[in-house]
Structure formats: C-alpha cells, structure tokens
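# Structure at a glance
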Amino acid sequence: MSVNQSTTTGATADGVEPAWKRVADEQMRRGAFSRTLPVWGAAVVILMIMPLVFPSAVAVTIMNQMGISIVFALSYNMLLGQGGMLSFGHAVYFGLGGFLSVHVMNSVEYDGWWLPLPLLPLVGGLFGLAFAIPIGGFSTRRAGTVFAMISLGVGELVAACSIIFVAFFGGEEGVSGDRTMGPPVFGFEFLSEVEVYYLTAGVVLVAALFMYLFSRTPAGRMANAVRDNEERAEFVGYSQRYVRFVSFCASGFFAGMAGGLFAINYEILTEENLNLVTSGWVLLMAFIGGVGFFVGPIVGAIVLTLLQTVLSNHTELWQLYVGILFVLTVMYAPRGLTGLVAMHGPALRSGRLGPLVAAYGVALVPLVAFLAGAILLLEMGNVANQSVVGESEAHVFGLSLDVSTAPPWLVAAVLAVGGAYALARLAPRLRDAFGRATGAAGGAP
Amino acid sequence: MSAALQMQGVRKNFGPTEIIRGIDLEIRSGERHAIIGPNGAGKSTLFHLVSGKYSKTAGRILLNGEDVTGLEPYQINRKGLSRSFQITNIFPRLSVFENVRCGLLWAMEYRNSFWRLVDTERELNERAAQILDEIGLLDRCDLPAGVLAYAEQRALEIGITIAGGAEVIMLDEPTAGMSHSETEGVVALIRRVTEGRTLVMVEHDMGVVFDLADRISVLVYGEIIATGTPEEVRASRAVQEAYLGAVDSAGQEVN
Ligand SMILES: Nc1ncnc2c1ncn2[C@@H]1O[C@H](COP(=O)(O)OP(=O)(O)OP(=O)(O)O)[C@@H](O)[C@H]1O
Ligand SMILES: [Mg+2]
C-alpha cells in the first residue's frame, strides 16, 4: 500500500533523526550551490587558458563569437527549456541591446560619457530588459501557439522598423562604433582581440552564473512548474502570466547583454542582428544543444559556432549541414546533443559502458562510410548543379573530383548506400547493447 | 458560527444547457462538508466555479465574507482556498519533492523572488519533506511525479493541495479508484490535515462520507436538494427518492 497512515511527523521519541529531516537535508545538500563549485572552477580555468592553447587571431575571434552565442543561447533557454515558451523573435532583445550599446559607445566617444567598456554589456542588458518589459507584458498572457505567434509578429515588426528607421538603425550599413574610446580599465584599452576575449569570458561566466542561480530561485522553479502544468500553478497561488513575465524579462536582460558583447566584439550592428534569421539561429543552438539541460545551450552554441566559422571555410553547403543536423536532432534526439551524452549516464555509473562502446566502435565504420558518401554526393551535386559556369571540379576532403565522370559518383553512391544498409542492419544490435548496458542499472525499483 | 464559504444564487450554463441551476449554500467555518450526488450532477463544475476555474453565469461567491466571484484562481488561492482535482493535476516532469515544494512557495511568501535560492531555505524544504512523510511518499521524493502509480499520484494531489495550509480545503473525489485499504489511509490523512480547517469534499463512497462529514449537501441535476447532518440527510425523503434510495438498495449503506 502506497498511502500509509504514518503519523511520524515529529521527531521520534528515542532521538533518532526523523526520516523527513534526512530527506530535507539531502535535498538541500544536493541543490546546494557549493556542489557546483568544481564545475565553475573548471570553467574559469578553461576560459583562462583557451587563448594560450589556441593563440591564433582566428581562434580568438571564434572563441569570442562562441562566448556571445553562449550567453544568447542560455538566455533563450530561460524561455524555451525552463519556461516552456517557444520564441521566434528572441533576436529582438539581442539586437536592440546591441544597437543601443553601439550608440552608447558612440556617446562615450563623441559626447564624453564616462563608461568603462566592461560595463557596456550591463547597459545592453538593461536595454534588453527595457524592451522585454512592455513586450512581455502582453505576450506572456498565454504560452503555446499564442506566445509563439506573438513572438514571431514582434520579431517581424522590429525587423521591419530596423529598415525603416535609418537614423537609429543605420540602414543597410548598420551602426558602427569604437570600443577603445572609453576610460582604460586597469590600463587595458581593449585594442587587441585577446583583451576583448578576456572581457567576453568574464561576462560569459558572470552571466551564466546568474542564469544558473535564477533557475534555482522561487521564480525559476515556478517557471518550470508553469511549463509543466500552468493550470495547477494557478491553484497553488501563482499567476501563470506573471511567472512567465518574470522569466521573459530575465531572458530579455541576458539577451541584451549578449547584444552588448556583440557590440564590443564587432563594433558594428546591422539589421541582420535582430531579424528572424538570428532568432532562428538561437533556437537552433539551444535545441541542438538540448533545452532540457542547463549546459545544453552552451554545447549548442559551441558546436554551431564551430560549424558556422570552421565548416563555412570548407564548404558553401554548411548551412545545409546545420539544417540536416537540426532535423536529425528533432527526429532522433529531441533532448539534444547533451541528451545523447546524458543518456549514457546510467551505463557509466553501473560500469557497463565498455561493451556499449565496443558496439559503437563496430558501427563507426559504416557510419563514417555513410557520412563520407552522403557528403560526397551533396558536394558533387552542388558543383554539378553549377556546371553552367563551367566548373566541374569538386574539392572534398582534400580531393579533386571531376563530376563530369562517373567513377566519383559510383564510389560515393556505394559508400552512402552500403554504409546506410550496414547501419540499418546494425541498429537492432546497438539498441540491444544499449538496453543491456542501461536497463539493469536503472530498472530495478 | 461564521461562514467560510457562501454561494449565493450560483448558476452556470454551458451554451444552452444549464448545468448549475441556482445554488445557495453556506459552508461553516471549521466544518467538514461533503457534497454528494449522482454522476454528472455538477459537483466538479461547482468546485470549478468556487475555485475560479470557470466564470459564473450568475450569482456570487463569498470566501470568509469577502466577494471572490470574479477573481482568478491564483487570487482565490491567495485568499485561503486550496483545492484538488478529480482528474489528477500535478507537475509531471518535476520531482515529487518539487511538486510539494511548489505547493508551499506562495503560502510561505516566497512569491516570484529571484534573490533567494530554494535550496538554502531550511524551513521550506523541511515543510515539504514533512508533508511527503504525511502523505506517505517520502521514499518516492526523487521520482518525476508523472511516473508515480495512480494511488500515489492521488496522494500527491492531496499533498499539493494541503501544502500551503489553506483555511478552506476542497477535495474532489480524493479516494476515487482506490482500494479499500488505500481509502482508509486517505481518510485518516484527510482527517488529520483538515483538523481545525474547513473541508469541502466531493465523494462517492458513502462510508467515507458518513465517516468524515459533519454536514452533507446533496446535489442532483444542478440543484442542492438537501443539506444537513448525516442523520438528517439520511432521513430526508427527497434524498431517498432522488439519490440515496439507489445506494440503499444497492450497497446497504443506509438503514
Ligand atoms: N466544460 C464543459 N462544457 C460542457 N459541458 C460540461 C463541461 N464540464 C462539465 N460539463 C457537463 O456538466 C455536467 C456536470 O459535470 P460535472 O463534471 O460537474 O459532474 P460531476 O457531478 O462532477 O460528476 P462525476 O461524479 O462524474 O464527477 C455533465 O453533464 C458534463 O457533461
Ligand atoms: Mg466530478
């Protein structure tokens, strides 16, 4: 019987700690911030040494972009993952925070405003918040489709305004500034990319820390509750609308902060930074990373920034690959890349990861064959498609392939089809191995 | 004795159909009041009207003398009324522990604060654990609420409802679908947690009703046809004709 009649709500007579007290202590111990300190410590160390490990100017630029994306994607997940609000217009707060940051930068330069550069992201955040308050005021009344549609409408509206109001948004060229005109901070004038990197890293750390802490506050916990069951939340005293509004404002603040970081890094904002493409991009980052985990958007931001910067140097089809990755995530890994890793937790804890890894190893060969074949086909197809301009050489994996001849096509097709067939044959065995590695560990009640 | 809850001429139409057809009912402060009636009589609808889930077509509802007719559910809850649902209504992805903790947050005046961490609030977590102990789910506290067994979810439903310590508690069929022994446990639990509070309860199990209730109202076809002590209701001719008669012959509950 599950509903017992225990009356042991107080301390028991013989001075033994009552069970409920142990549970409360355990919950508090597990949720304690001090338990996450090692992770934050590791993050500090990693952020510190990254420019030493990857000192090239290109690498530092990429890492800066990652930092901006991390803050932006984390702020997006305050809506989607934690609050259950699917937004198609989150770039509004990022972009407006960024534009206003550039304008403030220019006022520092021309009007003699006093503002040390490290405070600029905070200014961007406050502007993001300033826009989130009125927009959140009417758009958080409902979640679901209504919220999504309003976010889309607002996103479209602001994007349209950015083209119309040339004085503020600078039209096609956007608005540019100069970050080095503020008062030096401890002698730093932020002339070099590395200085900007450390500024960005610091802001990323602080922003991530506060967003994490927010998720552990009453407001953050109730955001989860409203996401789960908005009706029930109302019957324990919470206005679903106000709970969403608080999350929305916090999210707008951190998105604006990311916009401020963008302004510092690129010293220019254009209409692109607040349009629907950027709004879609942040959705991709959060979703591919995994919206159910705090670190999910961080993973997504890192992976997609790498694809955007590194992959785009090698192929003009990189956006197609990102799209395929997104579709595959939605279909086969709805908990994102982080979810794929996390689902191996039970196997790892029970020490059964070994056989599973072996099974994966076997599957690696057909997987690589399939990917290689598919990529070859796509890349060659792309070149063949453009053959009107007289090009028939495809450059893939360091090879030069003549797409007007049959052999490369044959090889690619064999790789793709063979790989896919072998993978399909292996799939049941993989599922089996996964079940065996995980089942016994988590199954026993 | 003052009234905890007053319904005055409450009506509810769904389209052309009149589901609640003018209800005047006073729930006294501190009493345990059962509402009984056949399926589809409108008992749950009445709960939805009182707790603010549905708007009223006509009539007024007073909570401790204060008009709460047009208020939202969360506003009514903040004024001291907490209810459970006939169809389990919990936070399925949150842990069992968090479900109960969510039931406590507003009542313990945490509001929407974003400057306090739930994990450092000793009193909050201890209260939540005590309630879990009370409802017998202490050893389930880490599971997502959605995976609990049916009877456990029903217990959690009650736990969330009583967590905030509301003065007026409304339970919609708390023992529905439970085994005999489970029902006994829940009755004892209800008795304990509603000590010194006002309870309004919809219940089909006549054993439970006559065991717990100080007074009973009989709702038939959207109207209250009788209100009184268990003895009075049992003796009422109208009730026997309209409702209890069926139970009488079927279950030998009334003699
Ligand atoms: N949202 C609604 N729209 C239309 N009709 C409704 C709605 N909710 C309830 N009803 C109707 O109102 C009547 C009363 O329903 P209600 O759920 O209040 O009955 P009940 O007394 O709680 O019954 P039960 O004992 O089965 O729980 C039913 O005929 C039902 O079909
Ligand atoms: Mg009902």
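Cut-off values and rules
- Residues numbered from 1 in each chain as written.
- Chains lettered and ligands numbered in written order.
- Predicted model: local features only at pLDDT ≥ 70, side-chain atom pairs only at ≥ 80, totals over all residues.
- Heavy atoms only, no water.
- Salt bridge = Lys/Arg side-chain N within 4 Å of Asp/Glu carboxyl O.
- Buried < 20%, exposed > 50% of the residue type's maximum accessible area, 1.4 Å probe, protein only.
- Helix = DSSP H or I, 4+ residues; strand = E, 2+ residues; numbered from the N terminus.
- Pairing = 2+ DSSP bridges.
- Contact = heavy atoms within 4.5 Å.
- Axes fitted to C-alpha atoms, helices over the stretch in contact; angles between N-to-C directions.
- Domains from an automatic or database assignment.
- Buried area = accessible area lost by both parts, 1.4 Å probe.
- Polar contact = N/O pair within 3.5 Å; in protein donor to acceptor, adjacent residues only side chain to side chain.
- Nonpolar A, V, L, I, M, F, W, Y, C, P; charged D, E, K, R; others polar.
- Donors = N, O, S within 2.8 Å, 3.2 Å for Na, K, Ca; no water.
- Near = heavy atom within 4 Å.
- Areas by Shrake-Rupley, 256 points an atom, 1.4 Å probe, with all protein chains shown as cover.

A word on the pattern of salt bridges. All names here are of chain B. With the rule as written, the count across this model stands at 25 salt bridges over all chains. Among the ionic pairs, Asp67 bridges to Arg60, the shortest N-O distance being 3.3 Å. A relative accessible area of 38% means that Arg60 is categorised as partly exposed. For Asp211, the salt bridge goes to Arg191, with nearest N and O atoms at 3.0 Å. On the criterion of sequence distance, the pair formed by Asp211 in helix H7 (residues 206-212) and Arg191 in helix H6 (residues 180-193) is long-range, its members being 20 residues apart. In this structure Asp211 comes out as partly exposed when scored by relative accessible area, which is 42%. Residue class for Arg191 comes out partly exposed when judged on its relative accessible area of 31%.

Residues and elements named next belong to chain B. Ordered by their spatial adjacency, four strands build an open sheet running E2-E1-E4-E5, and the pairing between neighbours is antiparallel. Looking along the sheet, the strands with just one partner apiece sit at the ends: strand E2 (17-28) and strand E5 (66-67). By the bridge criterion, two bridges tie strand E4 (residues 58-63) to E5 in an arrangement that is antiparallel. For Leu62, the partnering residue across the bridge sits in E5 and is Asp67. Packing of helix H1 (residues 43-51) onto the sheet brings it into contact with strand E1 (3-14), E2 and E4, and relative to E1 it is tilted by some 115°.

On to the domain arrangement of chain A, then. All names here are of chain A. According to the domain assignment, chain A contains domain 1 (54-320) and domain 2 (345-441). Placing the centre of domain 1 and that of domain 2 at their C-alpha centroids yields a distance of 35 Å. At the junction of the two partners, domain 1 supplies four residues and domain 2 supplies four residues. Of the roughly 340 Å² buried between domain 1 and domain 2, counting both surfaces, carbon and sulfur atoms make up 49%. Where domain 1 packs against domain 2, one counts zero salt bridges. For the interface between domain 1 and domain 2, the tally reads two residue pairs in polar contact (both at pLDDT 80 or more). Taken together, the residues of the side of domain 1 that touches domain 2 sort by class into two nonpolar, one polar and one charged.

Around the magnesium ion (ligand 2), the donor atoms from the protein are Ser44 of chain B (OG) and Gln86 of chain B (OE1), and they sit 1.9 to 2.1 Å away. Here Ser44 of chain B is found in helix H1, whereas its partner Gln86 of chain B is found in the loop between strand E6 (81-83) and helix H3 (96-105), with 42 residues between them in sequence.

A separate point is the site of ligand 1. Residue and element names in this part refer to chain B. Around ligand 1, the surrounding shell holds 13 residues, and the nearest of these are Asn39, Gly42, Lys43, Ser44 and Thr45. With respect to ligand 1, the backbone of Gly40 contributes an N or O atom lying 2.9 Å from an oxygen atom. Lys43 places a polar main-chain atom, nitrogen or oxygen, 2.8 Å from an oxygen atom of ligand 1. Bound to the protein, ligand 1 loses 62% of the 640 Å² it would expose on its own. Within the shell around ligand 1, the residues separate by chemical class into four nonpolar, seven polar and two charged.

Within the fold, Asn112 of chain B resides in the loop between H3 and helix H4 (122-134). Residue class for Asn112 of chain B comes out buried when judged on its relative accessible area of 10%. Residues within four places of Asn112 of chain B in sequence aside, it is in contact with Ala219, Tyr238, Tyr242, Val243 and Val246 of chain A together with Trp106 of chain B.

Counting residues at the interface gives 45 residues for chain A and 61 residues for chain B. Between chain A and chain B, a total of about 4,700 Å² is buried, with carbon and sulfur atoms accounting for 57% of that surface. The interface formed by chain A and chain B holds seven salt bridges in total. The salt bridge involving Arg30 of chain A is made with Asp142 of chain B; its shortest N-O contact spans 3.0 Å. Broken down by secondary-structure element, the contributors of at least two residues to the side of chain A that touches chain B are helix H1 (19-31), helix H8 (193-215), helix H9 (218-228), helix H10 (230-234) and helix H11 (240-266) of chain A. Top contributing element to the side of chain A that touches chain B by residue count: H1 of chain A, with ten residues. Of the residues contributing to the side of chain A that touches chain B, the split by class is 21 nonpolar, 14 polar and ten charged.

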